[in-house]
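Structural features, examined
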Amino acid sequence: MTLIAILTIVGLVAILLELVVPGGVLGVLGGIALLIACLKTFTLYGATAGLIFSVILLIVTFAAFALWMKYFHKLPFAKNLILNDAVGGVDGSGEKSVLTDQSIIGKRGTTETDLQPSGRARIDGVRHDVMAESGAIEKGTEIEVVALNPIPVVRVVSQ
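These notes cover the structure that comes with them. (Residues numbered from 1 in each chain as written. Predicted model: local features only at pLDDT ≥ 70, side-chain atom pairs only at ≥ 80, totals over all residues. Heavy atoms only, no water.)

Burial analysis of strand 5 (residues 126-132) places five of its seven residues in the buried class, which makes it a mostly covered element. Relative to strand 5, strand 4 (residues 118-123) runs antiparallel, the two sharing six bridges. Its bridge partner being in strand 5, Gly-119 is matched across the sheet by Val-130. Joining the antiparallel neighbours strand 4 and strand 5 is a turn of two residues, in which Asp-124 adopts a positive phi near 55°. In this sheet, strand 7 (residues 152-156) lies alongside strand 5 in parallel orientation, the contact comprising two bridges. (Buried < 20%, exposed > 50% of the residue type's maximum accessible area, 1.4 Å probe, protein only. Helix = DSSP H or I, 4+ residues; strand = E, 2+ residues; numbered from the N terminus. Pairing = 2+ DSSP bridges.)

Turning our attention to the packing of helix 2 (residues 25-45) against helix 3 (residues 47-71). At a closest axis distance of 6 Å, the pairing of helix 2 and helix 3 adopts a crossing angle of 155°. Classed by the angle they form, the pair helix 2 and helix 3 counts as roughly antiparallel. By crossing handedness, the relation of helix 2 to helix 3 is classed as right-handed. Residues Leu-34, Ala-37, Cys-38, Thr-41, Phe-42 and Tyr-45 of helix 2 pack against Ala-47, Ala-49, Gly-50, Leu-51, Phe-53, Ser-54 and Leu-57 of helix 3. The residue makeup of the contact of helix 2 with helix 3, split by class, is 10 nonpolar, three polar and no charged. (Axes fitted to C-alpha atoms, helices over the stretch in contact; angles between N-to-C directions. Parallel < 35°, antiparallel > 145°, perpendicular 65-115°, else oblique. Left-handed = near helix turned anticlockwise from the far one by under 90°. Contact = heavy atoms within 4.5 Å. Nonpolar A, V, L, I, M, F, W, Y, C, P; charged D, E, K, R; others polar.)

Let us look at the environment of Glu-112. If you trace the backbone, Glu-112 turns up in the loop between strand 3 (108-111) and strand 4. You can call Glu-112 partly exposed: its relative accessible area is 25%. Each C-alpha atom of the pair Glu-112 and Thr-141 lies 8.3 Å from the other, and the pair is 29 residues apart in sequence.

To continue, consider the pattern of salt bridges. Enumeration over the complete set of coordinates arrives at five salt bridges. Here Arg-108 ties to Glu-142 by a salt bridge, and the two come within 3.8 Å at their closest N and O atoms. Residue Arg-108 is found in strand 3, and its partner Glu-142 is found in strand 6 (residues 142-148); the two are separated by 34 residues along the sequence. Where salt bridges share partners, they join Glu-112, Arg-122 and Arg-127 into one cluster. (Salt bridge = Lys/Arg side-chain N within 4 Å of Asp/Glu carboxyl O.)

Attention shifts here to the environment of Leu-115. Mapped onto the fold, Leu-115 is located in the loop between strand 3 and strand 4. The class for Leu-115 is buried, based on a relative accessible area of 0%. When the C-alpha atoms of Leu-115 and Gly-135 are compared, they prove to be 8.3 Å apart, with 20 residues separating the residues in sequence. With residues up to four places along the chain from it excluded, the contact list for Leu-115 reads Arg-120, Val-130, Ala-132, Gly-135, Ala-136, Ile-137 and Val-154.

On to the nonpolar core, then. Within the largest apolar cluster, 11 residues are counted, these being Ile-104, Leu-115, Ala-121, Ile-123, Val-130, Ala-132, Ile-137, Ile-143, Val-145, Leu-148 and Val-154. In terms of residue count, the dominant contributor to this core is strand 6 (three residues). The contact partners of Val-130, leaving out residues within four places of it in the chain, are Leu-115, Pro-117, Ser-118, Gly-119, Arg-120, Ala-121, Ile-123, Ile-151, Pro-152 and Val-154. One finds Leu-12, Ala-33, Ala-37 and Phe-53 within the second-largest nonpolar core, a separate group that totals nine residues. (Core = buried A, V, L, I, M, F, W, Y, C linked by side-chain atoms within 4.5 Å.)

If you want it as structure tokens, here you go:
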């Protein structure tokens, strides 16, 4: 029973962490752990207990996923993983500036994070969520805004 509980908890946590850490490895390992927990329940306690466990596990998994999706964006560390709700940026004083016109097009700045294809850049002293026009752009690269759709679209400044 202890092994089944441990495998279940490890599986659920690994699958939820897969939503934050890309790559697929944690999701696959979590799925394997949950599958082994189900199989162990069937072999140790019979078909009825295995079926009940499987249904409960399915309900818990969907409930955990729903809670995760509802509250994840409110967690302190999640703010660095999610683009802002409004198009715009944050200046040095912490004030949010919202882009409402095309005036940012043609302005230059520097990337503060790797753009793969989206990330953050500082343009005219204001921090913005931006997206690379094509490919990835490394942190610290000088960029130029070429479009606003809905966030600034940037490309590397030609040397």
